[in-house]
Amino acid sequence: MASVVTTFASLATLFPTSQRCGNEKVLLNSSSVQLGAARQSSTSKTFVSKFVSSHRSSKKVSCSSCRASLYHVASSFSDIDYPISLRMPGSSWSEPSTTCTGERSYPGSREWMPRVNRREMKVRASRGDMLGNNNVRFSPTSGTSAASSEVLRKNHVPLYVVIPSDTVTSSNKVNRARALQASLKALKIVGVDGVLLHIWWGNVEGEGPQKYDWSAYLAVVKMVNAAGLKLQASLCFHGSSISGDSCDISLPSWVLRIGEGNPDIFHSDRSGHRSKECLSLAVDELPLFEGRSPLQMYSDLMESFRQTFSLYLGDTIVEVMVGLGPGGELKYPAFPDDLWRFPGIGEFQCYDKYMLEDLKNQASLMGKPEWGLGGPEGVGSYHSWPGETTFFNEDNGTWDTPFGKFFLSWYAGALVSHGDRMLALAGSIFQKDDLHVVVAGKLPGVHWWQKTKAHAAELTTGYHNSEGMDGYDLAVQMFAKNGALLTVSCMEMADDEQLAEAKCSPEHLLLQIRFACAKYGVPISGENSLIRFDEVAHERIKKNVHRVSCPELPRMAAFTFFRMGESLFQSSHWRLFVNFVQTLNKDIVDDSERASLDEECNMSVHPLKACT
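Residues numbered from 1 in each chain as written. Predicted model: local features only at pLDDT ≥ 70, side-chain atom pairs only at ≥ 80, totals over all residues. Heavy atoms only, no water.

Novice: Which residues make up the environment of Ala500, and what values do they have?
Specialist: For Ala500, the position within the fold is in the loop between strand S8 (485–488) and helix H18 (506–520). A sequence separation of 52 residues divides Ala500 from Trp448, and the C-alpha atoms of the two residues are 9.6 Å apart. (Helix = DSSP H or I, 4+ residues; strand = E, 2+ residues; numbered from the N terminus.)

Below, the structure is given as structure tokens:
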């Protein structure tokens, strides 16, 4: 109890003595009643009783010290999150004006999934190929990955929290530094292991080629280190200007100027709309940027990062997540915020001249030069539904023709090749000289139109996941080849919460990726997709982390909570979050229930039918 009170007092010192009223111990309001160890003694019960009565009797406190409880300290964050009710599927999205035609209920989306040898999976887990019990090393395929030399604590899944995307502003200043410092201390107190920090290319190299300014990010890393937390560094080689997000950071201005003279360095859709969120993957190796290629630019920045943060790598900074595309994920920018609405199928992004040239070359190699003239016809627009198109239609859709299969395989293969280049580059920089740093990448969570034959939204994103194909197998193999940790989202989502007409299945998507990771021994970590603080979401996250529905799957290597901000520190949300933190690593099923689930999985021929 004394340590709790001491921590409250230390947070109170952030504010001048003249602004205190003697109730500084009430700081961290909700967390004080959640600290399990403190509950046990009669002293702590007395303290909690006083705290509760004080909190109820002073809904509006007069002094700024009490107003600066963690809730109020963090409320100085300016990023406002949408209310949960507005973010839930079906409540805020615009419905199409016409009824989707040609759609029918399709139960067969699970039938074509690759089968997994359960006995082999369990044998491999016992050898330590996978994080079977989370007390083994990462996969031997991880090479010199940091985790391959670090034994993880049994039954402990590290928990990270995403700090605001605009923690470092576009002018390269630390935003709300005092609030950030207090919030980091709060996270540490309640048991969070670390935080995720977005590091924007547009901030670091914004002044000109190879003119790096790491000063603001270095200040944040020092704060994280002082708080006793670990750090996931997310290197963002993309821009961010998402509506509803306070972060508005573009690619470096000098890169955008080059794009004015050569707009084909950006991905383009069929009508010529160009996404300036990231560079086209087709220019990865072309020296179009004052003599450097994108891969050379990314390499130079990562080398500079490694040198600048050498004192923290492997100690405070334990993971480097490499940005692989829009939003940092391995995908095409098929859903631009200004043109797309849920549950639209998106559009193919292959119409810059460099992508078209590659398509033409691949078609010639196939002996079908007519296939290299452009993308498919009848694909609709960003907000179309599959049944409104001829390409994605359930009945006789042209996605299932020889040309359709060729195009989709080429489109997906180009994306995986880009991911391979990026992860190999990061591995060559961060997986050497005994640096204990994990290299990671992220896959998208495109879960709408999952229960259809074509899987239209995944196709435009870059994953050939149609009936008869496993669209994530090739990508997961690529992660295994590079010894990288794979991060996936949708951890809080349930199928029955989604818009029924959109035939969503985040549960199926998550399981498909997890089975592929188990197949190739790739460690996997998770994130929630939407900002949610309800207990239903928390319980689903815990079950997904600890693979309750399929016990033979390896437990996740880590979970990252999206995200820290004003809404997290609201009293009711904070109380629920603290409870989530403290129960994340508790056993949530007993041995008899786990044995029953295991038997259920093994009795079924098809893995996903048993696990949904």
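Back to the text.
Novice: Explain the packing of aromatic side chains residue by residue, including any values.
Specialist: One pass over the full model with this rule turns up 34 aromatic pairs. Judged by centre distance (5.5 Å) and plane angle (65°), the ring pair of Phe342 and Trp448 falls under edge-to-face. Here the residue Phe342 occupies a position in the loop between strand S6 (317–322) and helix H14 (353–365), and Trp448 occupies one in the loop between strand S7 (438–442) and helix H16 (456–461), the gap between them amounting to 106 residues. Accessibility expressed as a relative area gives 5% for Phe342, which makes it buried. Pairing Trp385 with Trp449 gives two aromatic rings, centres 5.1 Å apart and planes at 65°, and the pair type is edge-to-face. (Phe/Tyr/Trp six-rings, centres within 6.5 Å; stacked < 30°, edge-to-face > 60°. Buried < 20%, exposed > 50% of the residue type's maximum accessible area, 1.4 Å probe, protein only.)

Novice: So what's going on with the pattern of salt bridges? Which residues, and what values?
Specialist: Note that side chains of opposite charge can pair when their charged atoms are close. Taken as a whole, this structure holds 18 salt bridges when the rule is applied. In this structure, Arg270 engages Glu377 in a salt bridge whose closest nitrogen and oxygen atoms are separated by 2.6 Å. One end of the pair, Arg270, is in the loop between strand S4 (266–268) and strand S5 (274–279); the other, Glu377, is in the loop between H14 and helix H15 (402–430), and 107 residues separate them in sequence. Arg270 sits in the partly exposed class, given a relative accessible area of 36%. Put simply, Glu303 and Lys432 hold a salt bridge, and the shortest N to O gap is 3.9 Å. With Glu303 in helix H13 (residues 294–308) and Lys432 in the loop between H15 and S7, this residue pair connects regions lying 129 residues apart in the sequence. (Salt bridge = Lys/Arg side-chain N within 4 Å of Asp/Glu carboxyl O.)

Novice: Residue-level account of the UniProt feature "active site" (unreviewed entry) in the chain, with values.
Specialist: When the UniProt feature table is mapped to this numbering, "active site" (unreviewed entry) covers Glu329 and Glu527. With the annotated positions falling across 199 residues, the maximum pairwise C-alpha distance of 12.4 Å places them together in a single cluster. Position of Glu329 relative to the elements: it lies in the loop between S6 and H14. In this fold, Glu527 is placed in strand S9 (residues 524–527). Not counting residues up to four positions away in its chain, the partners in contact with Glu527 are Leu196, Met321, Lys442, Thr487, Val488, Ser489, Cys490, Met491, Glu492, Phe559 and Thr560. (UniProt positions renumbered as here; feature names shortened; annotations may be inferred. Contact = heavy atoms within 4.5 Å.)

Novice: Lay out the environment of Phe533 with the relevant residues and their values.
Specialist: For Phe533, the position within the fold is in the loop between S9 and helix H19 (535–545). Sequence separation of Phe533 and Ser567 is 34 residues, and the distance between their C-alpha atoms is 9.0 Å.

Novice: Outline the environment of Ala424, listing residues and values.
Specialist: On the secondary structure map, Ala424 appears in helix H15. What makes Ala424 partly exposed here is its relative accessible area of 37%. Here the alpha-carbon distance between Ala424 and Phe479, two residues 55 residues apart in the chain, equals 9.4 Å.

Novice: Hey, could you go over the pairing of strand S10 (residues 558–561) for me, with residue numbers and the actual values?
Specialist: Going residue by residue along S10, you find Ala558 and Thr560 tucked away on one face and Phe559 and Phe561 tucked away on the opposite face as well. Bridge count for strand S1 (residues 159–162) against S10 is three bridges, and the pairing is parallel. The residue bridging Tyr160 from the neighbouring strand is Thr560, located in S10. For the crossover from S9 across H19 to S10, the handedness is right-handed. (Pairing = 2+ DSSP bridges. Right-handed = clockwise from strand over helix to strand, strands pointing away.)

Novice: If you had to explain the side chain of Asp264 to someone new, which residues and values would you point to?
Specialist: The topology assignment puts Asp264 in the loop between helix H12 (253–261) and S4. A relative accessible area of 13% places Asp264 in the buried class. Those residues in contact with Asp264, other than ones at most four positions away along the chain, are Arg274, Ser280, Val283, Asp352, Lys353 and Tyr354.

Novice: Explain the sheet that holds S6 to me, and be specific about the residues and the numbers.
Specialist: Overall, parallel pairing links the eight strands, which are arranged S1-S2-S3-S6-S7-S8-S9-S10 in a closed barrel. Strand-to-strand twist in this sheet, taken as the mean axis angle between neighbours without regard to direction, amounts to 30°. As paired strands, S8 and S9 are joined by three bridges and run parallel to one another. Within S9, the residue paired with Val488 across the bridge is Gly526. Strand contacts of H15: strand S3 (230–236), S6 and S7, with the helix running at about 160° to S7, the strand carrying the most contacts. Its contacts with the sheet put H18 on S8 and S9, and the angle it makes with S8 is roughly 170°. (Axes fitted to C-alpha atoms, helices over the stretch in contact; angles between N-to-C directions.)

Novice: Break down the nonpolar core for me, with residues and values.
Specialist: If you look at the biggest cluster of nonpolar residues, it comprises 142 residues, and the most contacted ones within it are Leu279, Phe305, Ile317, Phe348, Trp448, Leu486 and Phe577. Excluding residues that lie within four positions of it along the chain, Leu486 makes contacts with Gly441, Leu443, Val476, Phe479, Ile513, Cys517, Val522, Pro523, Ile524 and Ser525. (Core = buried A, V, L, I, M, F, W, Y, C linked by side-chain atoms within 4.5 Å.)

Novice: Can you lay out H19 for me, pointing to particular residues and giving the numbers?
Specialist: Ala537, His538, Ile541, Lys542, Asn544 and Val545 are the residues of H19 that are buried. Within H19, the buried residues cover an arc of 165° as seen down the axis, which keeps them to one side. At its buried positions, H19 is contacted by H18, S10 and helix H20 (571–583). Note on H19: the residue one or two positions beyond its end, Arg547, has a positive phi of about 45°. (Arc of directions from axis to C-beta.)

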